[in-house]
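An overview of the molecular structure
Now for the letters of each chain:
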Amino acid sequence: MLQIQKLNVKAAILDMDGVLWRLTTPLVDLPELFRQFDQYNVRVMFATNNGTATIDQYVMKLAGFGVSVEAWQVVTSAMATGYALKKAFPNGGPIYIMGEKALHDTLKDFDFYHDTKAPQAVAAGLARNFDYNMIKDASLMIQKGLPFYFTNPDPTYPTPEGNIPGAGTVLAALETASGVKAHLAGKPLPFLFELGMQRLHTTPEETLVVGDRLDTDILGGQESGCKTAMVLTGISTRDDAEKWRPQPDLIIDNVMGLFQEA
Ligand SMILES: [Mg+2]
């Protein structure tokens, strides 16, 4: 019996950075990986804490690796931020946005737009052009008492050069400057997994979460009641994974390990 059969799931929600690729370098034979998911009737979705690319950009990136997916199969932490903001502000409206174009574009889909005069909230994420004035302006808004939302807490993300600063680095700067803790939207919060399971029509027990980070992917998957598989091609090491409690259901060298004999 293969690992994936032993897990007895109908669907998998896959993290991408550190699971499928590092930046532009695939970590396994991706077309073969998705043939295997098809063959064993496991539907897939993609959930990333990286809110700096749009859904269309992920669909195109996957297509570039020979994997054909539809837009509904991809969810990002920028979407989770829109989803969380919409619960607080059902009509949308002006908010102060500190982030990249993908965050602005995604929040527009949820009826929010950037405004510096009368914003109802601050929404921020990784801005690779961030500087002192951006931190200053956003932290002043937050100190006025506006609700503060942030895409995701990942301190770093894996690239071929090594682990480089992630959104959590910007989060720490904003929280330090404002003295306020953000409402987080991405993993380990449940929003991305909830959104994923709604679209897959699966229960948590029928859903496998696959990721390379214990403190976001695995923690969020476990807290959402899903089964979890930890891959060792990204951030967390085997040593970290073996110490983690409760243990992930599976620890594998790379994502292809799902299709090896148990
Ligand atoms: Mg990852």
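Computed from a prediction, not measured in an experiment: that's the story for all the values here. (Residues numbered from 1 in each chain as written. Predicted model: local features only at pLDDT ≥ 70, side-chain atom pairs only at ≥ 80, totals over all residues. Heavy atoms only, no water.)

Some words on the environment of Arg 43
Residue position: Arg 43 is located in strand β4 (residues 43–48). When the C-alpha positions of Arg 43 and Leu 200 are compared, they lie 7.6 Å apart, and in sequence the two are 157 residues distant. (Helix = DSSP H or I, 4+ residues; strand = E, 2+ residues; numbered from the N terminus.)

Looking at the side chain of Thr 52
With respect to the helices and strands, Thr 52 occurs in the loop between β4 and α3 (55–64). Judged by relative accessible area, which is 13%, Thr 52 ranks as buried. Here the side chain of Thr 52 touches Asn 50 through a polar contact of 2.6 Å, side chain to side chain. (Buried < 20%, exposed > 50% of the residue type's maximum accessible area, 1.4 Å probe, protein only. Polar contact = N/O pair within 3.5 Å; in protein donor to acceptor, adjacent residues only side chain to side chain.)

Describing the domain arrangement of the protein
Many analyses report the size of an interface as the accessible area lost when the parts associate. For the protein, the domain assignment lists domain 1 (3–49 + 187–259) and domain 2 (78–184). Taken together, the contact pairs 19 residues of domain 1 with 16 residues of domain 2. Roughly 1,500 Å² is buried in total at the junction of domain 1 and domain 2, and carbon and sulfur atoms are behind 65% of that figure. Contact with domain 2 buries area across many residues of domain 1, yet Arg 22, Asn 49 and Phe 191 alone supply 33% of it, more than any other trio. Scanning the region where domain 1 abuts domain 2 turns up 0 salt bridges. (Domains from an automatic or database assignment. Contact = heavy atoms within 4.5 Å. Buried area = accessible area lost by both parts, 1.4 Å probe. Salt bridge = Lys/Arg side-chain N within 4 Å of Asp/Glu carboxyl O.)

What to know about the environment of Val 180
Structurally, Val 180 can be placed in the loop between α7 (167–178) and β12 (183–184). Residue Val 180 is classed as partly exposed on the basis of its relative accessible area, which comes to 31%. Considered as a pair, Val 180 and Ile 218 are 38 residues apart in the sequence and their alpha carbons are 26 Å apart. When sequence neighbours within four positions are dropped, the list of residues in contact with Val 180 reads Ile 142, Phe 148 and Glu 175.

Let's talk about the packing of helix α4 (residues 77–88) against helix α5 (residues 101–109)
Direction vectors running N to C along α4 and α5 enclose 40°, while the axes themselves pass 9 Å from each other. By the angle between their axes, α4 is oblique relative to α5. Note on packing geometry: the crossing formed by α4 with α5 is right-handed. When α4 is examined against α5, the residues Ala 78, Met 79, Thr 81, Gly 82 and Leu 85 are found in contact with a partner set consisting of Leu 103, Thr 106 and Leu 107. Looking at the contact of α4 with α5 residue by residue, the classes come out as 5 nonpolar, 3 polar and no charged. (Axes fitted to C-alpha atoms, helices over the stretch in contact; angles between N-to-C directions. Parallel < 35°, antiparallel > 145°, perpendicular 65-115°, else oblique. Left-handed = near helix turned anticlockwise from the far one by under 90°. Nonpolar A, V, L, I, M, F, W, Y, C, P; charged D, E, K, R; others polar.)

Observations concerning empty space enclosed by the protein
Scanning the entire structure with this criterion turns up 1 cavity of 30 Å³ or more. Approximately 260 Å³ is the volume found for the largest cavity. In terms of lining, the largest cavity is formed by 24 residues, of which the most central are Asn 49, Asn 50, Asn 152, Asp 154 and Tyr 157. Secondary-structure elements contributing two or more residues to the lining of the largest cavity are β10 (156–159) and α9 (214–223). For the lining of the largest cavity, the element with the most residues is β10, which contributes 3 residues. When the residues that make up the lining of the largest cavity are grouped by side-chain class, the tally is 6 nonpolar, 11 polar and 7 charged. Looking at which domains feed residues into the lining of the largest cavity, each of domain 1 (3–49 + 187–259) and domain 2 (78–184) gives three or more. (1 Å grid on protein atoms, 1.4 Å probe; cavity = no way out; pocket = protein on both sides within 12 Å on 5 of 7 lines; lining within 4 Å. Points joined across faces, edges and corners; volume = space filled by probe spheres on them.)

Let's talk about the coordination of the magnesium ion
Protein coordination of the magnesium ion is provided by Asp 15 (OD), Asp 17 (O) and Asp 212 (OD), with donor distances spanning 2.0 to 2.2 Å. With a relative accessible area of 12%, Asp 17 lands in the buried category. Owing to a relative accessible area of 2%, Asp 212 belongs among the buried residues under this scheme. (Donors = N, O, S within 2.8 Å, 3.2 Å for Na, K, Ca; no water.)

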